[in-house]
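Examining the three-dimensional arrangement
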Amino acid sequence: MIIWQRIKEEIAVVFERDPAARNAWEVVTCYPGFHAMLLHRLAHFLWGWRAFWLARWIAYCSRLLTGIEIHPGARIGRRFFIDHGMGVVIGETSEIGDDCTIYHGVTLGGTTWNKGKRHPTLLQGVVIGAGAKILGPLTVGAFAKIGSNAVVVKDVPDHATAIGIPARLLDDVQEKSGRFSAYALGPDIDDPQAQAIRALIDYQQRTELQLKFLSEALQQHGIVVPDRNAEGNTEGAADGAPQRRGDKKGR
């Protein structure tokens, strides 16, 4: 009974996170992420009973069938969804909480050959976009989002969004509606580098406006400010100094 309830959960989560799913039969027969999770549950059970070779063989068969490689030692929570799935790699000491979602090409990899914990830990509700790489024994906080093709090598706080290579945190980009964010994208995502560039452009525009007002004020007092950028600069532009109207060069 418990096994059947868990299988129904695995099917239901597909409808929650993939609008292309039309019916349960389609999910059961055509979704590689669903197949990979069923086979992983079996392989992980055998791994716990120290049937290591059989567990690895089932994981290998799952990889051939689905294109998804999950080590039987990985610990994965409930309602885990792998969308598309091709190229996903989940290492032996990875730990994944409930309600997480990852897309194709994601790697949860290790950065050392030493035994022990060497793969990432994902807390509840994490979403990882296509092609992202989460490397090392770091922790991705609850409901965090990792953008597509990001390379994460440091811990990510709860509710944060990380993008880029190496990954950097964005400002407050939480999904205001509380709905699932496909590919870890939300409507309010704003790159801090883009913010910095916009701030520089705004500063330049304000500076140019102030210089224009200053030039007009000087001209009202009879002081001509030469324009270095204009063709045919006014007389006196060569020495770079403002001149009063009526002054002659060389006095």
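Residues numbered from 1 in each chain as written. Predicted model: local features only at pLDDT ≥ 70, side-chain atom pairs only at ≥ 80, totals over all residues. Heavy atoms only, no water.

1. Here's the deal with helix 3 (residues 32-48)
The terminal C-alpha atoms of helix 3, which comprises 17 residues, lie 24 Å apart, in line with the 24 Å expected from a rise of 1.5 Å per residue. Of the positions making up helix 3, those classed as buried are Gly33, Phe34, His35, Ala36, Met37, His40, Ala43, Leu46 and Trp47. Each element contacted by the buried residues of helix 3 is listed here: helix 1 (2-17), helix 2 (24-30), helix 4 (52-66), strand 1 (69-70), strand 2 (75-76) and strand 3 (81-82). A positive phi of about 65 degrees marks Arg50, the residue just after helix 3. (Helix = DSSP H or I, 4+ residues; strand = E, 2+ residues; numbered from the N terminus. Expected span 1.5 Å × (residues − 1). Buried < 20%, exposed > 50% of the residue type's maximum accessible area, 1.4 Å probe, protein only. Contact = heavy atoms within 4.5 Å.)

2. Considering the sheet that holds strand 8 (residues 121-122)
Taking strand neighbours across the sheet as the criterion, the four strands line up as 2-5-8-11 in an open arrangement whose pairing is parallel. Strands with a single pairing partner mark the edges of an open sheet, and in this sheet they are strand 2 and strand 11 (139-140). Here strand 5 (residues 95-96) runs beside strand 8; their pairing, made up of two bridges, is parallel. From the neighbouring strand, Ile96 faces strand 8, where its bridge partner is Leu122. (Pairing = 2+ DSSP bridges.)

3. Quick notes on the nonpolar core
The biggest cluster of nonpolar side chains holds 29 residues, and the ones touching the most others in it are Ile70, Phe80, Ile90, Ile128, Val140 and Ile146. Within the second largest apolar cluster, eight residues are counted, among which are Val13, Val14, Tyr31 and Phe34. (Core = buried A, V, L, I, M, F, W, Y, C linked by side-chain atoms within 4.5 Å.)

4. Remarks on the pattern of salt bridges
Enumeration according to the criterion identifies nine salt bridges in this entry. Linking Asp99 and Arg79 is a salt bridge whose minimum nitrogen-to-oxygen distance equals 2.6 Å. With a gap of 20 residues between them, Asp99 in the loop between strand 5 and strand 6 (101-102) and Arg79 in the loop between strand 2 and strand 3 connect regions that are remote in the sequence. Look at Arg79 and you get partly exposed, because its relative accessible area is 23%. Across the pair Arg118 and Glu92 runs a salt bridge whose closest N-O atoms are separated by 2.7 Å. With Arg118 in the loop between strand 7 (107-109) and strand 8 and Glu92 in the loop between strand 4 (89-90) and strand 5, this residue pair connects regions lying 26 residues apart in the sequence. Through salt bridges with shared partners, one network takes in Glu9, Arg17, Arg78, Arg79 and Asp99. (Salt bridge = Lys/Arg side-chain N within 4 Å of Asp/Glu carboxyl O.)

5. Side note on the confidence of the model for the protein chain
Confidence in the prediction of the protein chain, expressed as mean pLDDT, is 83, and 80% of residues score 70 or more. A low-confidence stretch, residues 232-238 (pLDDT under 50), is modelled with nine contacts involving residues beyond four sequence positions or located in other chains. (pLDDT = per-residue confidence, 0-100.)

6. Quick notes on the environment of Gly87
Note on placement: Gly87 falls in the loop between strand 3 and strand 4. Sequence-wise, Gly87 and His104 are 17 residues apart; in three dimensions their C-alpha atoms are separated by 5.9 Å. In this structure, Gly87 is in contact with Gly67, Gly105 and Val106, ignoring residues within four places of it in sequence.

7. Re the sheet that holds strand 3
Spatially, 3-6-9-12-14-15 is the arrangement adopted by the six strands of the open sheet, whose pairing is mixed. Strands at the two margins of the open sheet, each flanked by one partner only, are strand 3 and strand 15 (168-169).

8. Some details on helix 1
With 16 residues, helix 1 extends 23 Å between its outermost C-alpha atoms, agreeing within 8% with the 22 Å of an ideal straight helix rising 1.5 Å per residue. Regarding helix 1, the residues found buried are Glu9, Glu10, Ile11, Val13, Val14 and Arg17. Looking at the buried positions of helix 1, the neighbouring elements they touch are helix 2, helix 3, strand 3 and strand 6.

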